[in-house]
Amino acid sequence: MTEPSEASGFVRPLALVTGASSGIGEAFARALAARGCDLALSARRVDRLEALAAELAARHGVQAFAVPADLAVLDAHEGLLAAIAARGRHVDILVNNAGFSIAQSFTDVPWSKQRDFLLTLVVNACGLAHAVIPGMAARGQGRIINIASLAAFAPGVAGHTLYPGAKSLMVKLSQALDAEYRAAGVKVTAVCPGFTLTEFAHANGTDKVMAEAPRRLFQTAAQVAEAGLKANDAGRVVVIPGWWNALAVTLMRLIPEGLVRALLMRGSAKYHLAADESPFRSD
């Protein structure tokens, strides 16, 4: 692990990436390290975080460290940022990526899991942004990348009950923050990927169904991260990686919502799992 070159008066920008232990979060961490950023890597799986931090520090000569946190805990963002501050660092780049999905109907899993979902994807993500923006604005620069989803543009259907709403909120939040803080030098981008090759489907129990989807519809996590970083560089507020995903959003905007919902309900039924298929069963 290398330290910032304080003797030269230069300290590399620090990027905080949540959900960095795999998938899109890991891909952002790798891409940011390749750009010369120091990294604060956060997730619950400490062994993966520490291994990734050691690898990226050795490969790119940056400082990388693990900051384990469970963002399903109320105000967990405060402890996460306190751990970074204890190292004498502040967040220059925030990647709000941590998340999961619940493929069952709303009441087929305990409320505690639905609450954990909201705390992870919405409450603590907003808390992190709220905490880091004042410092970014005072320094005249900063970057926030919120990982949303293609689902942000879709109507609600059975299963994944809170997911479209949470991801739509991240898009609207990004747009509002851009309007409020662009003039202060803060760039905010919502990244809205479609099908991506990660462990996400395995975690929510839809991996077998997802494996049947045409591979041409999928992107790699690295492709999503690269698209997100390039969009943020350019000051774009919303980016939809993949032309087929962008086309899908255009069609959802042009076609009457009732028809879109009917089509999505038919197509998404296989991703809606029964209660006894839930990885969150209380028994």
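As shown above, the structure is provided for reference.
Residues numbered from 1 in each chain as written. Predicted model: local features only at pLDDT ≥ 70, side-chain atom pairs only at ≥ 80, totals over all residues. Heavy atoms only, no water.

Asker: When you look at the overall build of the protein in this model, what are you seeing that I'm missing?
Answerer: When its secondary structure is counted, the protein shows 10 helices and 9 strands. Sorting the 283 residues of the protein into buried and exposed places 48% on the buried side. Sequence separation of 24 or more characterises 74% of the internal contacts of the protein that already satisfy a separation of 6 or more. Carbon and sulfur atoms form 57% of the exposed surface of the protein, whose accessible area is close to 13,200 Å². (Helix = DSSP H or I, 4+ residues; strand = E, 2+ residues; numbered from the N terminus. Buried < 20%, exposed > 50% of the residue type's maximum accessible area, 1.4 Å probe, protein only. Contact = heavy atoms within 4.5 Å. Areas by Shrake-Rupley, 256 points an atom, 1.4 Å probe, with all protein chains shown as cover.)

Asker: Sorry, what's going on with the sheet that holds strand E1 (residues 14-18) here?
Answerer: One open sheet holds the 7 strands; their spatial order is E3-E2-E1-E4-E5-E6-E9, and the pairing between them is parallel. Every other strand in the sheet has two partners, leaving strand E3 (64-66) and strand E9 (238-239) as the edge strands with one partner each. Each of E1, strand E4 (93-96), strand E5 (142-147) and strand E6 (186-191) touches helix H4 (residues 111-139); the most contacted strand, E4, lies at about 165° to it. Contacting E5, E6 and E9, helix H8 (residues 221-233) runs over the sheet at an angle of about 145° to E6. (Pairing = 2+ DSSP bridges. Axes fitted to C-alpha atoms, helices over the stretch in contact; angles between N-to-C directions.)

Asker: Even after reading the chapter, I still don't get the pairing of strand E2 (residues 38-42), so can you show me in this structure?
Answerer: Where a strand is regular, its side chains alternate between the two sheet faces. Counting buried positions along E2 yields 5 of 5 residues, so the element is predominantly enclosed. Of the two faces of E2, both are covered, the one formed by Asp38, Ala40 and Ser42 as well as the one formed by Leu39 and Leu41. By the bridge criterion, 5 bridges tie E1 to E2 in an arrangement that is parallel. Of the residues in E2, the one forming a bridge with Leu14 is Asp38. Sheet topology note: the E2/E3 ladder contains 3 bridges and is parallel.

Asker: What should I look at first to understand empty space enclosed by the protein in this one?
Answerer: Gaps between atoms show up when a probe of the same size as a water molecule is rolled over them. As enumerated under the stated definition, the model contains 3 cavities of 30 Å³ or more in all. Quantified by volume, the largest cavity comes out at close to 80 Å³. If you trace the largest cavity, you find 13 residues lining it, with Asn96, Asn97, Ala98, Leu121 and Ala125 closest to the centre. Put simply, the parts of the chain that give the lining of the largest cavity at least two residues each are H4 and helix H5 (163-181). The greatest single-element share of the lining of the largest cavity, amounting to 5 residues, is contributed by H4. Residue composition of the lining of the largest cavity, by class: 7 nonpolar, 5 polar and 1 charged. In this model, the second largest cavity occupies a volume close to 50 Å³. Lining the second largest cavity we find Ile102, Gln104, Gln114, Phe117, His160, Thr161, Leu162 and Tyr163. Partitioned by chemical class, the residues of the lining of the second largest cavity number 4 nonpolar, 4 polar and no charged. (1 Å grid on protein atoms, 1.4 Å probe; cavity = no way out; pocket = protein on both sides within 12 Å on 5 of 7 lines; lining within 4 Å. Points joined across faces, edges and corners; volume = space filled by probe spheres on them. Nonpolar A, V, L, I, M, F, W, Y, C, P; charged D, E, K, R; others polar.)

Asker: What should I look at first to understand the side chain of His77 in this one?
Answerer: Summarising the element assignment, His77 is placed in helix H3 (residues 76-85). Discounting chain neighbours no more than four positions away, the residues touching His77 are Leu71, Asn124, Gly127 and Leu128.

Asker: Sorry, what's going on with the layout of surface pockets here?
Answerer: The calculated volume of the second largest pocket comes to roughly 250 Å³. Breaking the lining of the second largest pocket down by element, the ones donating at least two residues are E5 and H8. Among the elements that make up the lining of the second largest pocket, the one with the highest residue count is E5 (3 residues). Here the lining of the second largest pocket is built from residues that sort into 6 nonpolar, 4 polar and 4 charged.

Asker: Before we go on, may I ask you to explain the packing of aromatic side chains in this structure?
Answerer: Aromatic ring pairs are defined here through the distance separating the ring centres and the angle between the ring planes. As enumerated under the stated definition, the model contains 5 aromatic pairs in all. Ring plane angle 75° and centroid distance 6.4 Å describe the contact between Phe106 and Trp111, whose orientation is recorded as edge-to-face. When its relative accessible area of 36% is taken as the criterion, Phe106 is described as partly exposed. Centroid distance Trp243 to Trp244: 5.8 Å. Interplanar angle 85°. Geometry classified as edge-to-face. Classification of Trp243 by relative accessible area gives exposed; the value is 64%. A residue is classified by how much of its surface remains accessible, and Trp244, at 24% relative accessible area, is partly exposed. Taken together through their ring pairs, the aromatic side chains of Phe100, Phe117 and Tyr163 make up a single cluster. (Phe/Tyr/Trp six-rings, centres within 6.5 Å; stacked < 30°, edge-to-face > 60°.)

Honestly, that's just the spatial picture; any functional story needs more than this.
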